[in-house]
Amino acid sequence: MAAEEEIKSILTDKKLFAIKSMLEKDHAIDCIFLLHLERGRWKNAKALMQELNLTLSDGTFRSRMMEIEDLGLAKSVAIDPLKKYYVKTEFGEKVAKLLLELFRKIK
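Here the residue index of a chain counts from 1 through its sequence in written order. Totals for whole chains, interfaces and linings use every residue, but because this is a predicted model, local features are given only for residues with pLDDT of at least 70 and side-chain atom pairs only at 80 or more, for both listing and counting. The basis for every side-chain value is the complete set of heavy atoms in the structure, and neither hydrogens nor water enter the calculation.

Engineer: Let's hear about the pattern of salt bridges: which residues, and what values?
Structural biologist: The term salt bridge refers to a side-chain nitrogen of Lys or Arg lying within 4 Å of a carboxyl oxygen of Asp or Glu. Inspection of the entire model under this criterion finds ten salt bridges. When the shortest N-O distance is used, the salt bridge between Glu 67 and Arg 64 registers 2.7 Å. Within this pair, Glu 67 and its partner Arg 64 are both found in helix 5 (residues 58-70), separated by three residues, close to a single helical turn. Relative accessible area decides the class of each residue, using a 1.4 Å probe on protein chains only: under 20% of the type maximum gives buried, over 50% gives exposed, and in between gives partly exposed. Take Arg 64: its relative accessible area is 11%, and that puts it in the buried class. Several salt bridges share partner residues, and in doing so they unite Glu 4, Glu 5 and Lys 8 into one network. Only runs of H or I of at least four residues qualify as helices and only runs of E of at least two qualify as strands under DSSP, and these elements are numbered from the N terminus.

Engineer: Let's hear about the packing of aromatic side chains: which residues, and what values?
Structural biologist: Paired rings are identified among Phe, Tyr and Trp, the last through its six-membered ring, by centres lying within 6.5 Å, and are further divided according to the angle between planes into stacked (under 30 degrees), edge-to-face (over 60) and tilted (the rest). Per the counting criterion, the structure on display carries two aromatic pairs. Considering the side-chain rings of Phe 33 and Phe 103, the 6.2 Å spacing of their centres and the 70° angle between planes classify their relative orientation as edge-to-face. Of the two residues, Phe 33 is situated in helix 3 (residues 28-36) and Phe 103 in helix 6 (residues 90-106); the sequence distance between them amounts to 70 residues. Judged by centre distance (5.3 Å) and plane angle (45°), the rings of Trp 42 and Phe 61 are tilted. Of the two residues, Trp 42 sits in helix 4 (residues 42-51) while Phe 61 sits in helix 5, which places them 19 residues apart along the sequence. For the residue pair Trp 42 and Phe 61, the accessibility class agrees, reading buried in each case. Over the ring of Phe 91 we find Lys 15, and its NZ or CZ is 4.8 Å from the ring centre. A ring is considered to have a charge above it if a Lys NZ or an Arg CZ atom is located within 6 Å of its centre and within 35 degrees of its normal.

No statement about biological role is implied by the geometric values presented.
In C-alpha cells:
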C-alpha cells in the first residue's frame, strides 16, 4: 500500500482514529507508560510523577484512564464503590511496547 493510501486509511478508520485522537491528548502517553509500569492507581502514579518532578493532575489522570479503558488498552478494578485503579490489557501492553520502540528509535 502506498504511503498516502495508508495514511488516508489511518485517518479514516474508526478504531485507529479513536486511538490517534486519544494519543494526541495531554498526558495520554504518560498514562500508557504508567500502566506499563503497573502504576494505574492514582497514588502510585502521582508518586512516580513527583519523583520525576513532573506534573499530572488527578483529573487529567482519571480522564485519560477512562479514555484508555474505553479503547481497550486498560481495564478498571474497583477498590470500593467510589475508587478504582487501572490495569493494562494485552492490547494496552502492545501499544506501550510500540511507543517505547518508537522513542528508542528516535532517541
